[in-house]
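# Chain and residue survey
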Amino acid sequence: MEMMDKVEKIQRFLSICDELVTGSYITAEGKISEALKEIAGCRELTNLFTAVTDGFDYPTAKKAYLRPRTGTGSAGRVGAYLPAERQDVLAFVFCLFVEIDAGTMHMNDLLLRYFYVDGSYTASYSVFSGRMIKPFRDIVRECFPECGKHGQLIIQRKRREETLSRFSALLPSEQARVMGRALLDEEKTAGEEIFSELSAAAARRDIAEIRALMAGYRYFLRYINAESQESEALFDLAKNL
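Residues numbered from 1 in each chain as written. Predicted model: local features only at pLDDT ≥ 70, side-chain atom pairs only at ≥ 80, totals over all residues. Heavy atoms only, no water.

## Remarks on the nonpolar core
Just so we agree on the cut-off: Definition used in this section: a nonpolar core is a set of buried Ala, Val, Leu, Ile, Met, Phe, Trp, Tyr and Cys residues joined via side-chain atoms within 4.5 Å. Accessibility here uses a 1.4 Å probe with only protein chains present; expressed as a share of the type maximum, an area under 20% marks a residue as buried, one over 50% as exposed, and anything in between as partly exposed. The way it works is that DSSP assigns letters per residue, a run of H or I at least four long becomes a helix, a run of E at least two long becomes a strand, and they are numbered from the N terminus.
Core analysis: the largest hydrophobic core is formed by 49 residues, its most contacted members being Phe13, Phe49, Leu110 and Phe128. At the level of elements, helix H1 (2-22), helix H2 (25-40), helix H3 (43-53), helix H4 (58-65), helix H5 (86-102), helix H6 (107-115) and helix H7 (121-143) are the ones that each hand at least two residues to this core. Counting residues per element, this core draws most heavily on H5, which supplies 10 residues. The next biggest cluster of nonpolar side chains, apart from the first, holds 25 residues, and it includes Met179, Phe220, Ile224 and Leu241.

## Considering the packing of aromatic side chains
Applied cut-off: Only the six-membered ring of Trp is used, alongside the rings of Phe and Tyr, when aromatic pairs are assigned; centres must lie within 6.5 Å, and planes under 30 degrees apart are stacked while those over 60 apart are edge-to-face, with the rest tilted.
Under the counting rule described, the total for this entry stands at 14 aromatic pairs. Their ring planes at 25 degrees and their centres at 5.4 Å tell us that Tyr25 and Tyr121 sit as a pair that is stacked. Note that Tyr25 is positioned in helix H2 and Tyr121 in helix H7, a separation of 96 residues in sequence. Taken together, the ring pairs connect Phe13, Phe49, Phe94, Phe97 and Phe136 into an aromatic cluster.

## Focus on unusual backbone geometry
Despite not being glycine, Arg205 shows a phi value in the positive range, around 60 degrees. Residue placement: Arg205 occurs in the loop between helix H9 (185-203) and helix H10 (207-224). Exposure remark for Arg205: the relative accessible area of 49% places this residue in the partly exposed category. Even without a glycine there, the phi angle at Asn225 is positive, about 60 degrees. With respect to the helices and strands, the residue Asn225 is situated in the loop between H10 and helix H11 (229-239).

## So, the environment of Phe128
Spelled out, the test is: Pairs of residues are marked as contacts when any of their non-hydrogen atoms sit within 4.5 Å.
Relative to the assigned elements, Phe128 resides in helix H7. Here Phe128 falls in the buried class, since its relative accessible area comes to 0%. For Phe128 and Thr22, which are 106 residues apart along the polypeptide, the C-alpha to C-alpha distance reads 11 Å. Beyond its immediate sequence surroundings of up to four residues, Phe128 is in contact with Leu96, Met107, Leu110, Leu111, Phe115 and Ile133.

## Concerning the packing of H2 against H6
Defined as follows: All axes here are fitted lines through C-alpha atoms, helices being fitted over the stretch that makes contact, and every angle between N-to-C directions spans 0 to 180 degrees. Roughly parallel refers to an angle under 35 degrees, roughly antiparallel to one over 145, roughly perpendicular to one between 65 and 115, and oblique to any angle outside these ranges. The classification used treats Ala, Val, Leu, Ile, Met, Phe, Trp, Tyr, Cys and Pro as nonpolar, Asp, Glu, Lys and Arg as charged, and all other residues, Gly among them, as polar.
It is the contact of H2 with H6, at a shortest axis distance of 9 Å, that shows an interaxial angle of 120 degrees. Compared by their axis directions, H2 and H6 come out oblique. Taken together, the residues of H6 that come into contact with H2 (itself represented by Tyr25, Ala28, Glu29 and Ile32) are Met107, Asn108 and Leu111. Of the residues in the contact of H2 with H6, the class split is five nonpolar, one polar and one charged.

## Focus on H7
Since one α-helical turn is 3.6 residues long, residues separated by three or four positions face the same way. This is how it is decided: Take the number of residues in a helix, subtract one, and multiply by 1.5 Å to get its expected span. The angle separating two fitted axes, one through the seven residues that finish at a residue and one through the seven that start at it, defines the bend at that residue. For this analysis, a polar contact is any N or O atom pair within 3.5 Å, provided that within protein one partner can donate a hydrogen and the other can accept it, and provided that sequence-adjacent residues contribute only side-chain to side-chain pairs.
Along its 23 residues, H7 runs 32 Å from first to last C-alpha, staying within 8% of the 33 Å computed at 1.5 Å per residue. Helix geometry: H7 is bent most strongly at Ser129, by close to 40 degrees. Those residues of H7 not exposed but buried are Ser124, Tyr125, Phe128, Ser129, Met132, Ile133, Phe136, Arg137, Ile139 and Val140. Between the side-chain oxygen at the start of H7 and the backbone nitrogen of Thr122 there is a gap of 3.2 Å, and the oxygen is on Ser120.

Take a look at the structure:
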């Protein structure tokens, strides 16, 4: 469970970075604040950025890598760069995020001074996100390989196992509730067969069979007028398998 929480938190942070890369300068400051909150709420991310910023001289780096745009019009050149070392990239962009979040640097001023091209804030933000945020995001992702596709598959399998376990645990009480009603003989026979097949499908982890049986079970409940909150909880679990 601890690994799942860790992966989910890092994935949320990376998702915000994705939104920053593909999003608009209008929402960027808010997204940067969200990203910093995710860092603060995740021990692994906090440890990472504590390590890379230890001894990092941001004011000096800012003078070296954030140089005002030169020239005018389309002939002007953006003079903003990233450090060569990966850990310094993380430290530099993180410190830039902190400065933006603190309000000592505003996104419009940043774009106008260092990234402004073609008379468009939208185009300028595209340059900023491509040069600064995308490499930053990619390095963080590489620092946590368990958050890649393989890690996501592991998390999905664990969630499915937990859901299946809860589904199996609810079956006996649901069976007792339904089969304890005054049913006709044919209704009892149908109910017993459904629960027997559901238990067997859950035991062999046959998700497709469980879903098919639950579809039939819903009609059975409606037929005997036995739908309830308890049965809905079972349907919700089956839907999330």
